Protein chains: 2
Amino acid sequence: MAKKPPLKSYDETISENGLRFTDQRRAVYDALMDQQDHPTAVELFIRVKGKAPSISLATVYNCLETLTECGLVQTINHERESARYCPNLSEHAHLFCSGCGGVTDIPLRSKKRAQDIWEFPDNAAITHHEISFRGLCPKCAVTPPPLTK
Amino acid sequence: MAKKPPLKSYDETISENGLRFTDQRRAVYDALMDQQDHPTAVELFIRVKGKAPSISLATVYNCLETLTECGLVQTINHERESARYCPNLSEHAHLFCSGCGGVTDIPLRSKKRAQDIWEFPDNAAITHHEISFRGLCPKCAVTPPPLTK
DNA sequence: CTAGGTGCAAAAGGTTTGCGGTTAA
DNA sequence: TTAACCGCAAACCTTTTGCACCTAG
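Parameters at a glance
Residues numbered from 1 in each chain as written. Chains lettered and ligands numbered in written order. Predicted model: local features only at pLDDT ≥ 70, side-chain atom pairs only at ≥ 80, totals over all residues. Heavy atoms only, no water. Near = heavy atom within 4 Å. Polar contact = N/O pair within 3.5 Å; in protein donor to acceptor, adjacent residues only side chain to side chain. Helix = DSSP H or I, 4+ residues; strand = E, 2+ residues; numbered from the N terminus. Phe/Tyr/Trp six-rings, centres within 6.5 Å; stacked < 30°, edge-to-face > 60°. Lys NZ or Arg CZ within 6 Å of the ring centre and 35° of its normal. Expected span 1.5 Å × (residues − 1). Buried < 20%, exposed > 50% of the residue type's maximum accessible area, 1.4 Å probe, protein only. Arc of directions from axis to C-beta. Contact = heavy atoms within 4.5 Å. Disulfide = S-S within 2.5 Å.

Before going further, it helps to examine the protein's contact with DNA strand C. In the vicinity of DNA strand C there are 19 residues, among which R20, T22, R25 and T59 of chain A together with Y61 of chain B approach most closely. A distance of 3.1 Å separates a phosphate oxygen of DNA strand C from a polar backbone atom of S54 of chain A. Within the residue set of the surface near DNA strand C, elements represented by two or more residues are α2 (23-34) and α4 (57-69) of chain A together with α4 (57-69) of chain B.

This is the structure:
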């Protein structure tokens, strides 16, 4: 009795999409997966520079676009800030903390869906959503930081 | 028995915030309120140019920022597209149609809140949310448009 | 061998800012 | 009178693109 395969692996996904295995693509992917955070393209660029000094920022952007297209990472946008990239593929939202600037994943309560609270017009077909919150993360809400920015 | 005043008027809000009544500010506000749609800054700039030909795009941006800050309009961002401005101040989300490019307001089902489906960490303090959907509006879902892109 | 990828530099696109002049209050 | 506001142009910042070279398959 086969378990539902949770998520395709990097190798599998790259192959299935007829893409090549390049060091840069892998390095960008690993840099995002290693730390489970929400870096910008420039932050990833800096991380990757350590292991592959010749990589360019344009390549980081290109890789991230490709990885997003084939579903290996999520691109998240919020209030015109730099895009951030997320290794968590499950359905979730993000909390952008005004205190520390950090981003926290917000999971869906079990069995709930956006349709449960939003009144979509009949026949509307939703393919994707972009949901983010601005506020204070638990840490900053309890101990406000010394007024950054 | 006083009714709950629904929303402060333009005049009231401008006064309370110690702002000036300028023709440009009013023209930008009116251009947004007249048509209940979701124009970009440039679209509003064009509309306003009709009535106040000397206005500059920078002023339109500045006015929209001020109006957003004092709560008279909402600024909506989606997938790094140009910001759009929304005259509807009630709590709602937006559906960006891949067919016609239009934006539809999505109201909250009565008595529901984001907290009902999202599992926020204890103590997190939410001040604002940015919720948008990508998909097809009812019209385009029924009669797909001729592939605009 | 060759299409897909990379690195570089330049361009694009949307928004913001600096500054001198204008105007609401 | 004077701080807020305006128009203009330049600056900014993030992301994309063109192009010559490189390399995985």
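We now examine the packing of aromatic side chains. One pass over the structure, following the stated rule, counts 6 aromatic pairs over all chains. Cation over ring: R26 of chain A sits above Y10 of chain A, and NZ or CZ is 4.5 Å from the ring centre.

Moving on: α4 of chain A. Residue and element names in this part refer to chain A. Helix length check: α4, at 13 residues, gives a terminal C-alpha distance of 18 Å against a target of 18 Å (1.5 Å per residue), a fit within 8%. Within α4 the residues assigned to the buried category are V60, C63, L64, T66 and L67. Viewed along the axis of α4, the buried residues span an arc of 165 degrees, placing them on a single side of the element. Buried-residue contacts for α4 involve α1 (10-16), α2, α3 (41-51) and β2 (84-86). Phi for G71, located one or two positions after α4, is positive at around 80 degrees.

What follows concerns the state of the cysteines. Residue and element names in this part refer to chain B. Applying the stated criterion across every chain, the model contains 0 disulfides over all chains. We note that C97 lacks a disulfide partner, and the nearest cysteine sulfur, in C140, lies 3.6 Å from it. C97 provides the cysteine sulfur closest to C100, a residue in no disulfide bond, and the two sulfurs are 3.7 Å apart.

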